[in-house]
Amino acid sequence: MTNSAQPDEAGRPTANAMRRALRRARDGVALDVTEAAVLLQARGDDLDDLTASAARVRDAGLEAAGRPGVITYSKSVFIPLTRLCRDKCHYCTFATVPGKLRRDGHGMFMSPDEVLDIARRGAAMGCKEALITLGDKPEDRWPEAREWLEAAGYDDTLAYVRAISIRILEETGLLPHLNPGVMSWTDFQRLKPVAPSMGMMLETTSERLWSEPGQPHYGSPDKEPAVRLRVLEDAGRSSVPFTSGLLIGIGETYEERAESLFALRRVARSYHGIQELIIQNFRAKPDTAMRGMPDAEIDDLVATIAVARHIMGPAGNIQAPPNLIAGEYERLIGAGIDDWGGVSPVTIDHVNPEKPWPRLDELAERSAAAGFTLAERLCVYPEFVQRGEPWLDPRLLPHLRALADPETGLARPDATVEGHPWQEPDEGYVASSGRTDLHRTIDTEGRTADRRDDFDEVYGDWEALREQAAPGMVPSRIDGDVRAALATAADDPTKLTDDEALALLHADGPALDALCAVADDIRKTVNGDDVTYIVTRNINFTNVCYTGCRFCAFAQRRTDADAYTLSLDQVADRAAQAWDVGAVEVCMQGGIHPDLPGTAYFDIARAVKERVPGMHVHAFSPMEVVNGATRTGLSIREWLTAAKEAGLDSIPGTAAEILDDEVRWILTKGKLPTATWIEVIKTAHELGIRSSSTMMYGHVDQPRHWLGHFRTLVAIQQETGGFTEFVTLPFIHTNAPVYLAGIARPGPTTRDNRAVTAMARILLHPHIPNIQTSWVKLGQEGAAEMLRSGANDLGGTLMEETISRMAGSSYGSYRSIEDLVAIAEAAGRPAKPRTTLYGEVPEERQRAARASDGQLPELLPLVD
């Protein structure tokens, strides 16, 4: 193992390279990795030059933030919830083994009483943060950890973390800051409602230190750099204020350290969610594999802080733990830090137990000696306190408001630290609110503006996103033989290779005509000539949403002019109206409203079934399912089971967009990843809840992404058989943020629409027999063309639709049965009504629909 951070193979930088890098730092020019690696090696006068320019950058940021000359800290208690861990880091004394815990008289986890005792003592001394630290997924390695969790009634460690966080909030008033290690996107959804901030040190992006035997992270699955970077990105996608940082001096080179800082900057730019970087210096500990390694030198720490300040810029927050710096307070302040981190008057630093915290009066004195005033913050930084939603869950707002200064976002020194109830907002469905005429005027006047006024902040950094999107939008070279591929498709579509399928997805001109003819022949064999449709009503029960999907113009904040929410009675009234005019289904989806409890979806389904028992409830996208599950603390399976009991009959397979995370993370900031979408769909199918499947295309995608999407759907259908149909969803670009930012294409071309429809028919055959086209997105002529290209279904009458209309679709929100029959006739085919599951429609329903056809029910007001 190498000693500390070693110079690159070329040795120390030349004097000329150092002068050039220092000049660029002084001039405020953006550094690159090579220059940063040079500056990390600054010593003596060069280091003084570097820290002086870094301090100026820090001071400019504090001035802009409204707290010039202020250095912050958090008054906290350290709660080591469990010291068991599945990793084997070679420098760690925090992690231990079950036998040692037993010998020392400890349980595998701290009990709730032990946790609350520490938290109460902290509250009594004015602490406001409960720093909950634990090993990564101990139950995966230690049977004793699994047994403890099972005996206590928890499915996994994070379930206990969530439960104990709620008790800390309710019984002590401290704010949990969670450090549970590697988490998934779904884990963040589970924990965000109970903690205003979370964290995980990146430590390093050096693959070498993880993959090579003898290196400090070898044998530790959670220390793989790609895994840890994914956690940081999922935190940003979930709008979680997140702490990260570097552990320096564990064997990384200066180049590797610089690359780690730039990786952190990339995540910070993309999501604006990194609330602070901790620069922590390695200190060797006895009884570890790295006990013979030298400690990281103070000059190394000072240089790294200064370079981190230059890379992160004035808006970044840089922290150094004050108990690990050998009293060099002034040097670290001079290097550009603006925060001391958590300091506890109650508990020790359990990660570095040999290093006591400084007294707060000493910390204030040493900060003052460097010209800075010490001020207390909360575990979540003031910028995020002031931003509010979507960064802070509504259930935490009472706890935060009790402790935060509303003007500065810092902690109120005189705040009383006491418990407050943690509960679902209002313990029930929210009252109706919002724009009273949107449902009436969406087809005439439309929305009030083409974008929200937080357009430049809520979706992440557009420039960083543009850079991320560029590689994926480059068309692939296609070498496949279209003629041979057409022959395979006509003979046996299931034998198409990926190369042949890609060749067909790129077909144009006569080849495209031939492709559509092949697809239409398959359609005729499978479905006959009948074009099916369903008499349905869309009910978009709220458009308040903070998820941050960059393709969506539907989502609004509570205070936006176009925001609205329907009450349960208004939802039921709309369902009853639809039944009166012959509908057999209501399709219900809405935004991820932060005030709606996870049980609200059950209430919505139940309200419809109680009013109209015979109505099929087709509702709640996989994103809504995950939202409901995480808000209630239920598993996805438990939540879907409860929804089914409440009246849910089937779910829309929306929120799929493109089932390729390369594309998804450009289209959306905070939506569920591909693996979670698949989990929801498979679980629903296993429970007997069938679903549609969809694909939204024509934005930042390419035909190779469409092919992968189709292959994924086939694999699911072969396993579950639960898909009823596939729905093509052409991207509506007009008001989509990702298009307005100049990143996405202006929707698919006619060629794209024909190719996607035809290839859906071919590639999904014989597994998914129904292919639906969207008149609301393509219009009458476009839909008729898709019926000649392999589609057999026109979807529904809708009656009321705001999602596509707010995005800019110009084809209205309602089609009568007569209109849909006319589209089928334009394609030379008869039309026939169907149910959601493609069954026969009862004659009574058909009579009611014919009698009311063309008479759109009066759209009810949103607010009485």
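Below is a summary of the structure that appears in this document. (Residues numbered from 1 in each chain as written. Predicted model: local features only at pLDDT ≥ 70, side-chain atom pairs only at ≥ 80, totals over all residues. Heavy atoms only, no water.)

**Considering the overall build of the protein chain**
What counts, and what does not: Where helices and strands are cited, they refer to DSSP runs of H or I of at least four residues and of E of at least two residues respectively, numbered from the N terminus. Atoms considered for the radius of gyration are the C-alpha atoms alone. The globule rule reads 2.2 Å times the number of residues to the power 0.38. Classification of residues uses two cut-offs on accessible area relative to the type maximum, computed with a 1.4 Å probe and protein chains only: under 20% is buried, over 50% is exposed, and between them is partly exposed. By the convention used here, residues are in contact when the closest approach between their heavy atoms is within 4.5 Å. Shrake-Rupley sampling with a 1.4 Å probe provides the accessible areas, and residues are treated as covered by the protein chains on show and by no other component. Neither His nor the chain ends is counted toward charge; the positive residues are Lys and Arg and the negative residues Asp and Glu. A charge is said to be at NZ when it belongs to Lys, at CZ for Arg, at CG for Asp and at CD for Glu.
Regarding its fold elements, the protein chain presents 35 helices and 21 strands. Whereas a compact globule of 864 residues would reach a radius of gyration of roughly 29 Å, the protein chain reaches 29 Å, a difference of no more than 12%. In terms of overall dimensions, the protein chain has C-alpha extents of about 85 × 60 × 55 Å along its principal axes. Burial analysis of the protein chain (864 residues in total) assigns 62% to the buried set. Once local pairs closer than 6 in sequence are excluded, the contacts in the protein chain between residues at least 24 apart make up 78%. Accessible surface, the protein chain: about 30900 Å² in total, of which carbon and sulfur atoms supply 49%. Side-chain charges of the protein chain comprise 92 positive and 126 negative groups, with the mean position of each set lying 1 Å from the other.

**Side note on the pattern of salt bridges**
The criterion, for reference: What counts as a salt bridge is simple: a side-chain nitrogen of Lys or Arg found within 4 Å of a carboxyl oxygen of Asp or Glu.
Under the defined criterion, the tally for this structure stands at 52 salt bridges. The shortest N-O distance in the salt bridge between Arg 711 and Asp 498 comes to 2.8 Å. Within this pair, whereas Arg 711 is found in helix α29 (residues 703–720), its partner Asp 498 is found in helix α21 (residues 498–505), the two being separated by 213 residues in sequence. By relative accessible area, Arg 711 is classed as partly exposed at 30%. The partly exposed category is assigned to Asp 498, whose relative accessible area is 42%.

**So, the packing of aromatic side chains**
Centre distance and the angle of the planes are the two values used to describe a pair of aromatic rings. Defined as follows: Here is the rule: rings of Phe, Tyr and Trp (six-membered ring for Trp) pair when centre to centre is within 6.5 Å. Planes less than 30 degrees apart are stacked, more than 60 are edge-to-face, and the remainder are tilted. Note on criteria: charge over ring means Lys NZ or Arg CZ within 6 Å of the ring centre, with the direction from the centre no more than 35 degrees off the ring normal.
Applying the stated criterion to the full structure yields 15 aromatic pairs. An angle of 75° between the planes, with centres 5.9 Å apart, marks the rings of Phe 188 and Phe 242 as edge-to-face. With Phe 188 in helix α8 (residues 185–191) and Phe 242 in strand β5 (residues 242–248), this residue pair connects regions lying 54 residues apart in the sequence. For Phe 188, a relative accessible area of 0% translates into the label buried. When its relative accessible area of 1% is taken as the criterion, Phe 242 is described as buried. What links up through ring pairs into an aromatic cluster is the set Phe 541, Tyr 601, Phe 602, Phe 620 and Trp 639. Across from the ring centre of Trp 665, 3.7 Å away, lies the NZ or CZ of Arg 237, which sits over that ring. Cation over ring: Arg 834 sits above Tyr 838, and NZ or CZ is 4.0 Å from the ring centre.

**Side note on the packing of helix α20 (residues 482–491) against α21**
Short version of the rule: Axis definition: a line fitted to C-alpha atoms, over the contacting stretch in the case of helices. Angles run 0 to 180 degrees between N-to-C directions. Roughly parallel here means an angle under 35 degrees, roughly antiparallel means over 145, roughly perpendicular means 65 to 115, and every remaining angle is called oblique. Here the term charged refers only to Asp, Glu, Lys and Arg, the term nonpolar to Ala, Val, Leu, Ile, Met, Phe, Trp, Tyr, Cys and Pro, and the term polar to all other amino acids, Gly among them.
Taken N-terminus to C-terminus, the directions of α20 and α21 make an angle of 105°; their axes are 9 Å apart at the nearest point. Here α20 is positioned roughly perpendicular relative to α21, judged by the angle of their axes. Between α20 and α21, the contacting residues are Val 482, Ala 484, Ala 485, Leu 486, Thr 488 and Ala 489 on the first element and Glu 500, Ala 503 and Leu 504 on the second. Per-class residue counts for the contact of α20 with α21 are 7 nonpolar, 1 polar and 1 charged.

**A word on helix α1 (residues 15–26)**
What counts is decided by this rule: A helix is expected to span 1.5 Å for every residue after the first. Along the arc lie the directions from the helix axis toward the C-beta atoms.
For α1, with 12 residues, the first-to-last C-alpha span of 16 Å sits near the 16 Å given by 1.5 Å per residue. All buried positions along α1 are accounted for by Met 18, Ala 21, Leu 22 and Ala 25. Seen from one end, α1 has its buried residues packed into an arc of 100°, which puts them on one side. Elements that come into contact with the buried residues of α1 comprise α2 (33–39), α3 (45–65) and α12 (298–312). In the segment just after α1, Gly 28 is the residue with positive phi, at about 75°.

**Remarks on the nonpolar core**
To be explicit about the condition: Here the nonpolar core consists of buried residues drawn from Ala, Val, Leu, Ile, Met, Phe, Trp, Tyr and Cys, with membership extended through side-chain atoms lying within 4.5 Å.
Core analysis: the biggest nonpolar cluster contains 123 residues, and Met 588, Trp 677, Phe 710 and Met 759 have the highest contact counts within it. Not counting residues up to four positions away in its chain, the partners in contact with Met 759 are Leu 496, Ala 501, Leu 504, Leu 505, Leu 515, Phe 710 and Leu 764. Counting 119 residues, the second largest nonpolar core, distinct from the first, contains Leu 40, Leu 101, Trp 142 and Val 231.

**Some details on the packing of helix α23 (residues 568–580) against helix α24 (residues 600–611)**
The line we're drawing: Note on convention: near helix rotated counterclockwise from far helix by under a right angle means a left-handed crossing. Clockwise means right-handed.
As a packed pair, α23 and α24 sit with axes 9 Å apart at the nearest point and diverge in direction by 45°. The orientation of α23 relative to α24 falls into the category oblique. The two elements α23 and α24 meet at a crossing, and its hand is right-handed. Contacts between α23 and α24 involve Leu 568, Asp 569, Val 571, Ala 572, Asp 573, Ala 575 and Ala 576 from the former and Asp 603, Ile 604, Ala 607, Val 608 and Arg 611 from the latter. In the contact of α23 with α24, the residues fall into 8 nonpolar, no polar and 4 charged.

**A closer look at the state of the cysteines**
What we call a disulfide is simply a covalent bond connecting the sulfur atoms of a pair of cysteines. Definition in use: By disulfide we mean two sulfur atoms from cysteines, separated by a distance within 2.5 Å.
Taken as a whole and assessed by the stated rule, the structure comprises 0 disulfides. With no disulfide of its own, Cys 85 lies closest to Cys 89 among cysteine sulfurs, the gap being 6.6 Å. Left without a disulfide partner, Cys 549 is nearest to the cysteine sulfur of Cys 552, which lies 6.1 Å away.

**Examining unusual backbone geometry**
Put simply, Glu 389 and Pro 390 share a cis peptide bond, and its omega is 5°. A cis amide bond links His 765 to the next residue, Pro 766, at an omega of 0°. Residue placement: Pro 766 occurs in the loop between α31 (750–763) and β19 (771–772). In the Ramachandran plot, His 272 falls in the positive-phi region, its phi being about 60° despite a non-glycine side chain. In this structure, His 272 sits in the loop between α11 (254–271) and β6 (274–281). In this structure, Ala 655 is a non-glycine residue whose phi angle is positive, near 65°. Relative to the helices and strands, Ala 655 is located in the loop between β16 (650–651) and α27 (661–667). Accessibility expressed as a relative area gives 5% for Ala 655, which makes it buried.

**With respect to the pairing of β6**
Spelled out, the test is: Pairing between strands is defined by DSSP: at least two bridges between the two strands are required. We call a crossover right-handed when, viewed with both strands directed away from the observer, the connection leading from the first strand over the helix to the second proceeds clockwise.
Counting buried residues along β6, 8 of its 8 residues qualify, which places the element largely inside the surrounding structure. One ladder, built from 7 bridges, connects β5 with β6; its direction is parallel. Each residue of the ladder has a partner; that of Ile 248, found in β6, is Asn 281. Between β5 and its parallel partner β6, the chain crosses via α11, and the hand of that crossover is right-handed. Note: β6 against strand β7 (residues 318–319), 2 bridges, orientation parallel. Bridge pairing in β7 places Leu 277 opposite Ile 318. The parallel pair β6 and β7, bridged by α12, forms a crossover whose chirality is right-handed.

**Section: the environment of Ala 375**
Along the chain, Ala 375 falls in strand β9 (residues 373–377). The spatial distance from the C-alpha of Ala 375 to the C-alpha of Asp 819 is 67 Å, given a sequence separation of 444 residues. Among residues more than four places away in sequence, those in contact with Ala 375 are Val 70, Ile 71, Thr 72, Tyr 73 and Leu 410.

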